[in-house]
Amino acid sequence: MNTEGLSQRQPGTESAEAETIVSICGICPGGCGVRAHLVNGQLDRITPLPDHPRGIVCTRSVHSREIVYSPDRLKHPLKRVGPKGEGRFAKVSWDQALDEIAQRLKDIKARYGPQALMTYVGRGGFEQSLIDIYAPAGSFLPAANNVLFPFGSPNTAGCNSLCYVTQGLLAPIPTVGVAADFTFSDFENTNLIVVWGSNPATDSPPLKARQIIAAQRRGTRLVVIDQMRSAIARQADQWIAVRSGTDGALALSMMNVIINKDLYDHQFVDNWMIGFDELREYVAAFPPEEVEAITWVPKEVIVETARAIATARPATLCHYTGLEYTNSGVQNIRAVLILWAITGNLDVPGGLVFRPRSQAHFKRTHIGAPSSPPPIGADKYPFFVKLVKGAQFMEAPRAILQNDPYPLRGLLVDGASILTSYPQPDLWAQALAALDLLVVVDRFMTTDAQYADFILPATTMYEITSYNKYPGYVQLRQKVVEPIGDARNDLLIFAQLAQRLGYGHLYPQTEEELLEFVFGDSAISVDDLRQHPEGVVVPTQPLVYRKYEKGLLRKDGQPGFDTPSGKVEIASNMLAEYGHDPLPIYTEPVEGPLGSPELLQEFPLVFNSGARIQSAFRSQHLNIPGLLKMQPEPNVLINPQDAEARGIADGDKVYGKSPRSQVPFRAKVTDWVMPGSVEVNMGGGGPLQPEPWREANANYLTDMDNRDPISGFPVLKALLCEVQKAPAGE
């Protein structure tokens, strides 16, 4: 944790009127418990709340004051008065904005049908109450908003169209029967921690990093498998550098070793898994000596790591989204989960463990989508649409620009920045400009908002009353400061829009109504939360292991896993039903050293993008001076060998080039990346950012059509690129 600034005060506040409010950090949805210190009614600083499940203050939250009171904050509703993309707006009242938006939604519905409307949610819309009130029935995904379901539209989408859902739903549910959020890494009781495709040091919050370091101090071995030497890899006992996109081949090769050397858990495999014989046959094609050429991991390391995972008894897995962004992201993650299962490390002390179920239930709206027509993207990615219960937004340009499968004419965007997140930003700009109605709800001006018809100012989470739920815990989010300008709680913006559309009674219309709606019938009351602002323990089933033996995983109470077969499915019935290969097959990256040897001649480096930096939350906060000082310009991380071969020195201006475009960056020459591979900072392209960041949108280098066929996720890693020094004088 970076603690710089935790005790910093604004000059001249030492003798001012001070107040402390126990609440939850309002910068991101991480839910860290804090003490907010106010001076003369304004937020001054925050400090961690002791003994809280997430009592951490990260680098970004240290700068809370600067973010909340930034002169860039959107303070009033705005209506476009110039051409789309020009950024000319006039201030209007809330009533005028909401009335006109509601009328234009009705007009689009009358002309094209309600399916021509869609909501889109980004990380700015992940607050807990928004999930409970606006997530589709049967879903706990934050990147969704059901406010148009009663209006007749099946279309809600969000950043889950290119992030997290592969790791969180599409891989684990058909394999082990639960979403990833219902598992945890048992760091306290393990002998081996394998961090695979994740960097907990930059998580929000960085709680796992603290737990991992504590385990290391107790003598637990830490191995990190990643394409770059991340912050957690630099703390590890061993960093295993793997070529991006080939993690599935690595996991299959480890299973080749484990099966051939008879190191797998026979009892678990025989009784609780299906498809093992097919797996045995399939992994025979992945011997370590051949997989070394695929993954760039030495064959001896593959064998040693396989043995370590199989014999640690137990080993736990810490993984996140790093494996998603390649042509077989779903299957690669399935392969890693199956590796953990066949080695007997699933739901055992010190392994990858299923969470005990909460015994307290808090109310949600449970509003489902209309039964027809299907959401956009259902024709190409039906398994994704089935589990997400919404649209695959990667298909939105097709609907906007080609009316396929039907026209998409109106879009409500909450807390997102599409043009700094998706491949080929020019295509997305064309699509946004072609809409009949674009509404953006946010705290700061985004590139998307330049194309909006209306911009609605939202509060930070310091400016609202709400709550946050944790495993075994719930806390009231006490309002810390009053809203800036005319900004409003996102929850109430959409509730007031629903009111104008004729079904406002389905949603709480005030923050007090929200609390009564959620907690009114629960074992924990609003009064309980107010009396204990530090949080309240939620009754939870006791933690027991091997729940599959005790009927604690299946809805019918029978022993086994909540999959169609009742077992861990190496050969997935769900995937087969949707036309996908049931085994965790490996697909070589289409654009890669082996998949595109002719392209390799011009673009000889493996491109990676998406690793987080401490000073920004995706593309957010790159306009905050205190955070920007940490990294004033976007970087390409390049290995010294590759830099020397290109005449590049640390700090040189360079161009990252791909078959699609070129983008300017600064070179960071470092052995944090392996030879033959680069890491490109993402997040650039926003209108409030300084020029070097504003010009460095990494998504110009990526490919809209290169995707995982199961999830529809774009390949944001494992592409090919080149890095060239900029001409003298640039």
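Overview of the structure. (Residues numbered from 1 in each chain as written. Predicted model: local features only at pLDDT ≥ 70, side-chain atom pairs only at ≥ 80, totals over all residues. Heavy atoms only, no water.)

### A closer look at the pairing of strand S16 (residues 437-442)
Of all six residues making up S16, six are buried, and the element is well covered by its neighbours. Where burial is concerned, the two faces of S16 agree: the one with Leu437, Val439 and Val441 and the one with Leu438, Val440 and Asp442 are both buried. As judged from the five bridges shared by strand S15 (residues 410-414) and S16, these two strands associate in the parallel manner. Bridge assignment links Val413 to a residue of S16, and that residue is Val440. Since S15 and S16 lie parallel, the crossover through helix H17 (residues 425-434) that links them has a hand, and here it is right-handed. Inspection of the sheet shows S16 paired to strand S17 (residues 454-457) by four bridges, in the parallel sense. When the bridges of S17 are listed, Val440 appears paired with Ile455. (Buried < 20%, exposed > 50% of the residue type's maximum accessible area, 1.4 Å probe, protein only. Helix = DSSP H or I, 4+ residues; strand = E, 2+ residues; numbered from the N terminus. Pairing = 2+ DSSP bridges. Right-handed = clockwise from strand over helix to strand, strands pointing away.)

### Regarding the sheet that holds strand S7 (residues 156-158)
Reading across the sheet, the seven strands line up as S5-S4-S17-S16-S15-S6-S7 and stay open at both edges, with mixed pairing between neighbours. Looking at strand neighbours, the two that pair on one side only are strand S5 (89-91) and S7, the edges of this open sheet. Pairwise comparison of adjacent strand axes, ignoring direction, gives a mean angle of 20° for this sheet. This element, helix H18 (residues 490-500), spans S15, S16 and S17 of the sheet and lies at about 155° to S15. (Axes fitted to C-alpha atoms, helices over the stretch in contact; angles between N-to-C directions. Contact = heavy atoms within 4.5 Å.)

### Observations regarding the side chain of Asp226
Inspection of the secondary structure puts Asp226 in strand S10 (residues 221-226). For the buried residue Asp226, which engages in no salt bridge, the nearest side chain bearing the opposite charge is Lys717, 6.6 Å off. Setting aside chain neighbours within four positions, we find Asp226 in contact with Gly197, Ser198, Trp239, Ile240, Ala241 and Val242. (Lys, Arg positive; Asp, Glu negative; His and termini not counted. Salt bridge = Lys/Arg side-chain N within 4 Å of Asp/Glu carboxyl O.)

### Some details on the packing of helix H9 (residues 247-260) against helix H13 (residues 299-311)
The N-to-C vectors of H9 and H13 enclose an angle of 70°; their axes lie 9 Å apart at closest approach. One finds that H9 runs roughly perpendicular with respect to H13. Side by side, H9 and H13 meet where Leu250, Ser253, Met254, Val257 and Ile258 of the first sit next to Ile302, Val303, Thr305, Ala306, Ile309 and Ala310 of the second. For the contact of H9 with H13, a count of residues per class yields nine nonpolar, two polar and no charged. (Parallel < 35°, antiparallel > 145°, perpendicular 65-115°, else oblique. Nonpolar A, V, L, I, M, F, W, Y, C, P; charged D, E, K, R; others polar.)

### Some words on the packing of H9 against helix H11 (residues 276-283)
In contact at an axis separation of 9 Å, H9 and H11 are set at 105° when each is read in the N-to-C sense. Between H9 and H11, the crossing angle belongs to the class labelled roughly perpendicular. Packed against H9, whose contacting residues are Leu252, Met255, Asn256 and Ile259, the element H11 presents Phe276, Leu279, Arg280, Tyr282 and Val283 at the interface. Here the contact of H9 with H11 is composed, by residue class, of seven nonpolar, one polar and one charged.

### As for the sheet that holds strand S25 (residues 662-669)
Adjacent strands of a sheet form backbone hydrogen bonds with each other and so pair up, either parallel or antiparallel. What the six strands build is a closed barrel, ordered S22-S26-S23-S25-S24-S27; its pairing is mixed. Strand after strand, the sheet turns through a mean of 45° between neighbouring axes, direction not considered. Alignment of strand S23 (residues 635-638) against S25, held across four bridges, turns out to be parallel. For Leu637, the partnering residue across the bridge sits in S25 and is Lys668.

### Quick word on the environment of Arg65
For Arg65, the position within the fold is in helix H2 (residues 64-68). Take Arg65: its relative accessible area is 23%, and that puts it in the partly exposed class. Along the sequence, Arg65 and Ala487 sit 422 residues apart, while their C-alpha atoms lie 17 Å from each other.

### Looking at helix H3 (residues 94-112)
The end-to-end C-alpha distance of H3, which contains 19 residues, comes to 27 Å, matching closely the 27 Å that a straight helix rising 1.5 Å per residue would cover. Taken residue by residue, H3 has Trp94, Ala97, Leu98, Ile101, Ala102, Leu105 and Ile108 as its buried positions. One face of H3 carries all of its buried residues, which in axial projection span an arc of 125°. H3 presents Ala110 and Arg111 as exposed residues on the side facing more than 90 degrees away from its buried surface. Of the surrounding elements, those touching the buried residues of H3 are strand S6 (117-121), S15, S16, S17 and H18. Directly beyond the C-terminal end of H3, a positive phi value near 95° is found at Gly113. (Expected span 1.5 Å × (residues − 1). Arc of directions from axis to C-beta.)

### Details of the packing of aromatic side chains
Scanning all chains against the criterion turns up 22 aromatic pairs. Relative to Tyr507, the ring of Tyr134 has its centre 5.1 Å away and its plane inclined at 25°; by these criteria the two rings are stacked. Separated by 373 residues along the polypeptide, Tyr134 in helix H4 (residues 128-134) and Tyr507 in the loop between H18 and helix H19 (511-519) bring together distant segments of the chain. Here Tyr134 and Tyr507 have matching classes, each one buried. Aromatic rings pair up to connect Phe268, Trp272, Phe354, Tyr548 and Phe561 into one cluster. One cation-aromatic arrangement involves Lys109 over Phe151; the distance from NZ or CZ to the ring centre is 4.3 Å. A cation over a ring is seen here: Arg357 above Phe182, with NZ or CZ 5.1 Å from the ring centre. (Phe/Tyr/Trp six-rings, centres within 6.5 Å; stacked < 30°, edge-to-face > 60°. Lys NZ or Arg CZ within 6 Å of the ring centre and 35° of its normal.)

### Brief notes about the pattern of salt bridges
Taken as a whole and judged by the stated rule, the model has 32 salt bridges. One salt bridge connects Asp453 with Lys84, and the closest N-O pair in it is separated by 3.4 Å. Placement of the pair is Asp453 in the loop between S16 and S17 and Lys84 in the loop between strand S4 (78-80) and S5, with a sequence separation of 369 residues. Residue classification places Asp453 among the buried residues on the basis of a relative accessible area of 2%. Note that Glu127 and Arg477 form a salt bridge whose closest N and O atoms lie 3.1 Å from each other. Pair noted here: Glu127 is in the loop between S6 and H4 and Arg477 is in strand S19 (residues 473-477), with a separation of 350 residues, a long-range link. Of the two residues, Glu127 and Arg477, neither departs from the other in class, the shared state being buried. When salt bridges with common partners are traced through the structure, they connect Asp379, Lys380, Glu395, Arg398, Asp404 and Arg707 into a single cluster.

### Concerning the state of the cysteines
On inspection of all chains with the given rule, the structure shows zero disulfides. Just so you know, Cys163 is unpaired, no disulfide at all, and the nearest cysteine sulfur is the one on Cys159, 6.2 Å from it. (Disulfide = S-S within 2.5 Å.)

### Looking at the pairing of strand S24 (residues 653-657)
Where S24 and S25 come together, five bridges link them in antiparallel fashion. Note on S25: the bridge partner recorded for Lys657 is Gln662. Between S24 and the antiparallel strand that follows it, S25, lie four residues. Sheet topology places S24 next to strand S27 (residues 717-725); four bridges connect them, and they run antiparallel. Note on S27: the bridge partner recorded for Gly656 is Val723.

### Quick word on the side chain of Gln496
Tracing the backbone shows Gln496 in helix H18. Residue Gln496 is classed as buried on the basis of its relative accessible area, which comes to 17%. Those residues in contact with Gln496 that lie beyond four places of it in its chain are Leu98, Arg488 and Gln509.

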